[in-house]
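Each chain, letter by letter, is given below.
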Amino acid sequence: MKIVILAGGSGSRLWPVSRKNNPKQVQPFLDDDTMLQKTYKRLRRGFNVDDIFIATAESYIAITKKQLPELPQKNIISEPYKRDTAAAIGLAAIFFYFRNPNEIIITVHADHYIDDEEEYIKTLKLAGKLAEINPGRGVLIGVRPAYPETGFGYIKINGQFFSLNDRKIFTVEEFIEKPNSEKAKNYISKWEYLWNPGYFIWRVDTLLAQYKKHLPEMYKSLVEINRALETKNEKKVIDSEFKKITPKAFDYGILEKADNLLVVPTDFVFTDIGNWRTAKRVLSGNKKNAIKGKVIELDSSNNLIYNFTNRPLTCAGLKDMIIVAVEDATLVCHQDSAQDVKKIVEKLKEAGLEKYL
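Numbering of residues starts from 1 in each chain and follows the order in which that chain's sequence is written. Local features are withheld for residues below a pLDDT of 70 in this predicted model, meaning they are given only at 70 or higher, and side-chain atom pairs are given and counted only at 80 or more; totals for whole chains, interfaces and linings count all residues. Values reported for side chains reflect all heavy atoms of the structure, with hydrogen atoms and water molecules removed beforehand.

K.L.:
Can you walk me through the overall build of the protein in this structure?
P.N.:
The helix and strand labels rest on DSSP assignments: H or I over at least four residues marks a helix, E over at least two residues marks a strand, and numbering proceeds from the N terminus. Secondary structure assignment for the protein yields 11 helices and 18 strands. The quantity called the radius of gyration is restricted to C-alpha atoms. Its globule counterpart is 2.2 Å times the number of residues to the power 0.38. A compact globule built from 357 residues would reach a C-alpha radius of gyration of about 21 Å, and the protein, at 21 Å, matches this within 12%. Here the C-alpha coordinates of the protein stretch approximately 60 × 50 × 35 Å along the principal axes. Only protein chains enter the accessibility calculation, which uses a 1.4 Å probe; a residue is then buried when its area is under 20% of its type maximum, exposed when over 50%, and partly exposed in between. Among the 357 residues that make up the protein, the fraction classed as buried is 54%. Note on areas: these come from Shrake-Rupley sampling with a 1.4 Å probe, and a residue is covered only by the protein chains present in the view. A total accessible area of about 16,600 Å² is found for the protein, and carbon and sulfur atoms account for 47% of it. The positive charge centre, built from 54 side chains, and the negative charge centre, built from 46, are 3 Å apart in the protein. The charged-residue count follows a simple rule in which Lys and Arg add positive charge and Asp and Glu add negative charge, with His and chain termini not counted at all. To locate a charge, the coordinates of NZ of Lys, CZ of Arg, CG of Asp or CD of Glu are taken.

Given below as structure tokens:
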């Protein structure tokens, strides 16, 4: 059983801290550890270092090695181009299939905050065991909703499949994209609706059969990569084949088309640190404001105020705001506009200000 941490995203919604060459997963948003380091340390509580792998962009390899010096070089799976999660997971699957077609892989994300790490590890191991005894099926983890979240996708589970270690296992009825507030409030009162954190568990031969069926062009490229592994042409073939791939999210390309999925419900709460508002939710707790760095505030509440400079940052009379200052840029926005930070990054690019990206 191998764990693959997906760590190739750019994190544009967390600009100006997250940058093209220093993305969110290698930045210390929550404390002194980066999100990649926190995810790795969390997994080390239950898995050996040799069983943990990182799938990341080629341009992030150096910083990944620097932040995880314990991790062997061979445990970093390099993507020469960003082609979304279906390609990233497919490349990882080929990497393991070449060595052991019956290998079980678990994919997790580098940018998640987990409230109950013991339950997290326990659930991952259970899901891996489930995939071992049901090799023709993929396994998902579904989180019981703690509140009516509109920013997550949901899994609607169907009848009970069977029990394993006193845990009930279910089949999938359907996937639901981010719902509106009314639907989210309805889902939280019903047992069959679970958050989808995007943790996927498969035997690699079963997973690649899904690519052959649902993403045949991508599968052809993966087959060519498989033939070239551990030859003198390995890097050249990976580069050329990866370049051909049309970007596709794993959820849309594989998951929503598969009919062989099982779900393990769990109670740990995850937070996808995908924008400044979710970072604020984790950091604020019971505090009046979430503050980092040299900050002087007056009569201000429910703000995230991050200052990564040596200059003092001051504010007065603010509420529900996000303020992030770094040496060469500053972000100021209302928390309800946190998703629009990605649009700001696009505006900077259009204005020819790429040096700030």
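K.L.:
What am I meant to see in unusual backbone geometry here?
P.N.:
One can expect most non-glycine residues to show negative phi and most peptide bonds to be in trans. Note that the residue after Trp15, namely Pro16, is joined by a cis bond; omega there is 10°. A positive phi angle is found at Asp320, which is not glycine, with a value near 65°. Locating Asp320 in the fold gives a position in the loop between β16 (313-316) and β17 (321-326).

K.L.:
Which parts of the structure should I look at to understand the environment of Gln339?
P.N.:
Examined against the element boundaries, Gln339 turns out to sit in the loop between β18 (329-334) and α11 (341-350). For Gln339, a relative accessible area of 42% translates into the label partly exposed. Here the alpha-carbon distance between Gln339 and Asn275, two residues 64 residues apart in the chain, equals 6.5 Å. For Gln339, the residues in contact, after removing those within four places along its chain, are Arg13 and Asn275. Reaching out from Gln339, the side chain makes a polar contact with the side chain of Arg13 at a distance of 2.7 Å. A contact between two residues is defined here by any heavy atoms of the two lying within 4.5 Å. Definition of a polar contact: a pair of N or O atoms within 3.5 Å, with one able to donate and the other able to accept a hydrogen when the atoms are protein atoms, and with sequence-neighbouring residues admitted only if both atoms are side-chain atoms.

K.L.:
Teacher, can you tell me more about the pattern of salt bridges here?
P.N.:
Any two side chains of opposite charge can pair if their charged atoms end up close together. The working definition used for a salt bridge is a side-chain nitrogen of Lys or Arg within 4 Å of a carboxyl oxygen of Asp or Glu. One pass over the full model with this rule turns up 22 salt bridges. The residue Lys41 makes a salt bridge to Asp33 at a minimum N-O spacing of 2.9 Å. Note that Asp267 is salt-bridged to Arg144, the shortest N-O span being 3.0 Å. With Asp267 in the loop between β11 (261-266) and β12 (270-272) and Arg144 in the loop between β6 (138-143) and β7 (154-164), this residue pair connects regions lying 123 residues apart in the sequence. The partly exposed category is assigned to Arg144, whose relative accessible area is 39%.

K.L.:
What am I meant to see in the environment of Lys243 here?
P.N.:
Locating Lys243 in the fold gives a position in helix α8 (residues 234-244). Look at Lys243 and you get exposed, because its relative accessible area is 53%. Between the C-alpha atom of Lys243 and that of Arg83, which follows or precedes it by 160 residues, the distance is 8.3 Å. Beyond its immediate stretch of four places on either side in the chain, Lys243 contacts Tyr81 and Arg83.

K.L.:
Before we go on, may I ask you to explain helix α3 (residues 84-97) in this structure?
P.N.:
In an α-helix, one turn spans 3.6 residues; hence positions three or four apart end up facing the same way. Here α3 is 14 residues long and its end C-alpha atoms lie 20 Å apart, about the 20 Å a rise of 1.5 Å per residue gives. Burial of α3 is extensive: 11 of the 14 residues sit out of reach of the surface. Restricting attention to buried positions, one finds in α3 the residues Ala86, Ala87, Ala88, Ile89, Gly90, Leu91, Ala92, Ala93, Ile94, Phe95 and Phe96. One fewer than the residue count of a helix, multiplied by 1.5 Å, yields its expected span.

K.L.:
I keep staring at the pairing of strand β2 (residues 52-57) and nothing clicks. Help me out?
P.N.:
Each regular strand shows side chains that alternate between the opposite faces of the sheet. Counting buried positions along β2 yields six of six residues, so the element is predominantly enclosed. Whether two strands pair depends on DSSP finding at least two bridges between them. Taken together, the four bridges between strand β1 (residues 2-6) and β2 define a ladder with parallel strand orientation. When the sheet's bridge partners are listed, Ile3 is paired in β2 with Ile52. Looking down the strands as they point away from you, a crossover is right-handed if its path from the first strand over the helix to the second goes clockwise. Following the chain from β1 across helix α1 (residues 35-44) to the adjacent parallel β2, one finds a crossover that is right-handed. Summarising the sheet, β2 and strand β3 (residues 76-79) pair through four bridges and their orientation is parallel. Bridging from a neighbouring strand, Ala57 pairs with Glu79 of β3. For the segment spanning β2, helix α2 (residues 61-67) and β3, crossover handedness is right-handed.

K.L.:
Just checking my understanding: could you explain the nonpolar core for this structure?
P.N.:
Across soluble globular proteins, nonpolar side chains have a tendency to be buried as a group. Here, nonpolar core means buried Ala, Val, Leu, Ile, Met, Phe, Trp, Tyr and Cys residues that are tied together by side-chain atoms lying within 4.5 Å of each other. Formed by 49 residues in total, the largest nonpolar core has its most connected members in Leu43, Val108 and Tyr120. Top contributing element to this core by residue count: helix α4 (residues 117-133), with seven residues. Setting aside anything within four residues of it in sequence, one finds Tyr120 in contact with Arg42, Leu43, Val108, Ile114, Tyr199 and Phe268.

K.L.:
Help me understand the side chain of Thr64 in this model?
P.N.:
Looking at where Thr64 falls in the secondary structure, it is placed in helix α2. Looking at Thr64, its side chain comes within polar contact range of the main-chain oxygen of Tyr60, at 2.8 Å. Ignoring sequence-local partners within four residues, the contact set of Thr64 consists of Leu36, Ile54, Thr56 and Ile76.

K.L.:
In this structure, what is going on with the packing of helix α7 (residues 216-228) against α8? I would like to understand it.
P.N.:
A pair of packed helices can be characterised by two numbers: the angle between their axes and the separation between those axes. Every angle, taken between N-to-C directions, lies between 0 and 180 degrees, and every axis is a line fitted to C-alpha atoms, over only the stretch in contact when it is a helix. Between α7 and α8, the shortest axis-to-axis distance is 9 Å and the interhelical angle comes to 175°. In terms of orientation, α7 lies roughly antiparallel with respect to α8. Taken together, the residues of α8 that come into contact with α7 (itself represented by Ser221, Glu224, Ile225 and Ala228) are Glu234, Val237, Ile238, Glu241, Phe242 and Lys244. In terms of residue class, the contact of α7 with α8 is built from five nonpolar, one polar and four charged. Note that the term roughly parallel is reserved for angles under 35 degrees, roughly antiparallel for angles over 145, roughly perpendicular for angles of 65 to 115, and oblique for everything else. Classification used: nonpolar for Ala, Val, Leu, Ile, Met, Phe, Trp, Tyr, Cys and Pro, charged for Asp, Glu, Lys and Arg, polar for all others including Gly.

K.L.:
Would you explain the packing of aromatic side chains in this entry?
P.N.:
Aromatic ring pairs are defined here through the distance separating the ring centres and the angle between the ring planes. Side-chain rings of Phe, Tyr and Trp, where Trp is taken by its six-membered ring, are said to pair if the distance between their centres is within 6.5 Å; with planes under 30 degrees apart they count as stacked, over 60 as edge-to-face, and otherwise as tilted. For the structure shown, the criterion picks out 19 aromatic pairs. Centroid distance Tyr211 to Phe250: 6.4 Å. Interplanar angle 45°. Geometry classified as tilted. Placement of the pair is Tyr211 in helix α6 (residues 204-214) and Phe250 in helix α9 (residues 250-253), with a sequence separation of 39 residues. Pairwise contacts between aromatic rings join Tyr147, Phe152, Trp195 and Phe270 into one cluster. Throughout this description, the term charge over a ring refers to an Arg CZ or Lys NZ atom that lies within 6 Å of the ring centre and within 35 degrees of the ring normal. Cation over ring: Arg42 sits above Tyr120, and NZ or CZ is 5.4 Å from the ring centre. The ring of Phe95 is capped by Arg99, whose NZ or CZ atom sits 4.1 Å from the centre of that ring.

Purely geometric stuff here, so don't read any function into it on its own.
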